[in-house]
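Structure assessment
Each chain, written out:
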Amino acid sequence: MQESISALAAEVAAADVSSAAALDQFRLLYLGRKGRLADLFDQLKTVPGEQKRAVGQQLNGLKQQAQARFDEAQAALESASANQPADATFDYTLPTVPQALGTRHPLSLVREQMLRIFARIGFAVAEGPEIEDDWHNFTALNFPENHPARDMQDTFFVEPALGGDAGPDPQPFLLRTHTSTVQVRIMENEPLPIRRVMPGRVYRNEAISARAHMLFHQIEGLYIDENVSFADLKQTLYYFVRELFGEDINIRFRPSYFPFTEPSAEIDITCLICKGAGCNICKGTGWVEIGGSGMVDPAVLENCGIDSQKYSGYAWGMGIERITMLKYQIKDLRLFTENDVRFLRQFEAL
Ligand SMILES: [Zn+2]
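These figures come from a predicted structure and were not determined experimentally.

Around the zinc ion, the protein supplies Cys271 (SG), Cys274 (SG), Cys279 (SG) and Cys282 (SG) as donor atoms, at distances of 2.2 to 2.3 Å. Geometry at the zinc ion is tetrahedral, judged from the four donor atoms that bind it and their angles of 105 to 114° at the metal. When the donors of the zinc ion are listed by position in the chain, the intervening gaps give C-x2-C-x4-C-x2-C.

The following block contains the structure:
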């Protein structure tokens with residue numbers, strides 16, 4: 001027994017532990033439950049009683065020696081691999097890991113596309129404040145004193161405050177309900193002729209559902225010069241819808257009423273789903289509405305200091321959400337603001 005222990009101790013001391021594979025072999029051979037050391041422990045029961053204690057101590061010593069050798073070799077291997085220069089095995093020809101950049105929001109895509117189309121025929125972008133006064137949002141645009149849009153039910157009013165551009169009377173501010181406020185600011189401040197498009201965020205006091213939201217985006221257009229006619233308006237919008245939706249899309253104007261235009265017309269285009277044949281989306285008519293338009297009411301021109309005898313103009317407005325829903329066949333408005341990446345990922349990559 002003594003000899004077996006000494007022989008094994010010499011073997012343990014001399015064993016090769018210079019590589020990970022050799023070290024694994026060492027562990028199985030000497031430290032494993034079926035290893036050589038375990039064999040000797042098994043034989044301990046055959047040792048006569050008076051020697052058991054001494055032999056047992058020797059075996060434990062050997063076990064500690066083997067474990068120490070293993071621990072030391074393992075630490076040495078680990079530190080060797082950690083100290084290896086990082087690029088020792090680095091392949092510089094490997095392709096890089098692509099960085100995920102996300103995608104553009106569908107409303108941004110459509111907004112920019114619309115602005116580009118109008119830029120090509122000379123419409124420059126104008127923007128204005130989202131918090132407005134009654135004058136720019138209603139009065140200048142010919143909204144009568146008792147118009148329902150002035151009601152708390154439809155408009156978010158900001159705490160009544162002194163001031164505003166309308167004069168010394170205290171009046172409430174509000175979150176603009178349309179981008180027509182920017183039209184008023186331009187007509188008041190810019191030299192004629194005017195040819196502008198006005199994108200922006202607007203607010204209405206609405207319950208949020210698949211078809212309505214308290215926050216959405218509009219693009220309006222305004223053209224004022226001498227001898228501007230309804231035919232100019234029709235041609236401009238006809239050009240726009242064919243640029244945006246394709247050559248086979250037609251346009252029609254439906255008589256309507258807005259306080260700030262006279263005459264006024266809703267703008268319909270050929271239903272993109274059925275191409276005019278009639279379907280659920282267009283309720284069988286073959287047409288879908290995309291916005292409103294008209295000739296700027298002479299009273300609005302005068303409100304803004306423009307001579308309505310000399311000048312005339314047209315204006316139109318469209319919801320960016322509406323256009324985007326038609327273009328991509330999106331059925332729920334809420335998707336635009338919920339930031340679900342499964343939805344957002346489907347649009348053009350950055
Ligand atoms: Zn249809």
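The mixed open sheet is built from seven strands, whose spatial order is β1-β5-β6-β10-β9-β8-β7. With one partner strand each, in any of the chains shown, β1 (124–125) and β7 (251–258) form the two edges of the open sheet. As paired elements, β7 and strand β8 (residues 261–270) share seven bridges and run antiparallel to each other. Paired with Ser256 across the two strands is Ser264, which belongs to β8. Across the sheet, helix α8 (residues 230–245) is in contact with β7, β8, β9 (287–296) and β10 (312–319); its angle to β10 comes to roughly 30°.

With that settled, consider the side chain of Arg176. Mapped onto the elements, Arg176 comes out in the loop between β4 (171–175) and α7 (180–189). Buried and unpaired, Arg176 has Glu130 as its nearest opposite-charge partner, separated by 4.5 Å. Within the structure, Arg176 has its side chain in polar contact with the backbone oxygen of Arg201 (distance 2.9 Å). With residues near it in sequence (within four places) discarded, Arg176 still touches Gly128, Pro129, Glu130, Glu132, Asn137, Thr181, Val182, Gly200, Arg201, Val202 and Tyr203.

Cut-offs and rules
- Residues numbered from 1 in each chain as written.
- Predicted model: local features only at pLDDT ≥ 70, side-chain atom pairs only at ≥ 80, totals over all residues.
- Heavy atoms only, no water.
- Donors = N, O, S within 2.8 Å, 3.2 Å for Na, K, Ca; no water.
- Tetrahedral: all angles 85-135°; square planar, octahedral: opposite > 155°, others 65-115°.
- Pairing = 2+ DSSP bridges.
- Helix = DSSP H or I, 4+ residues; strand = E, 2+ residues; numbered from the N terminus.
- Contact = heavy atoms within 4.5 Å.
- Axes fitted to C-alpha atoms, helices over the stretch in contact; angles between N-to-C directions.
- Buried < 20%, exposed > 50% of the residue type's maximum accessible area, 1.4 Å probe, protein only.
- Lys, Arg positive; Asp, Glu negative; His and termini not counted.
- Salt bridge = Lys/Arg side-chain N within 4 Å of Asp/Glu carboxyl O.
- Polar contact = N/O pair within 3.5 Å; in protein donor to acceptor, adjacent residues only side chain to side chain.

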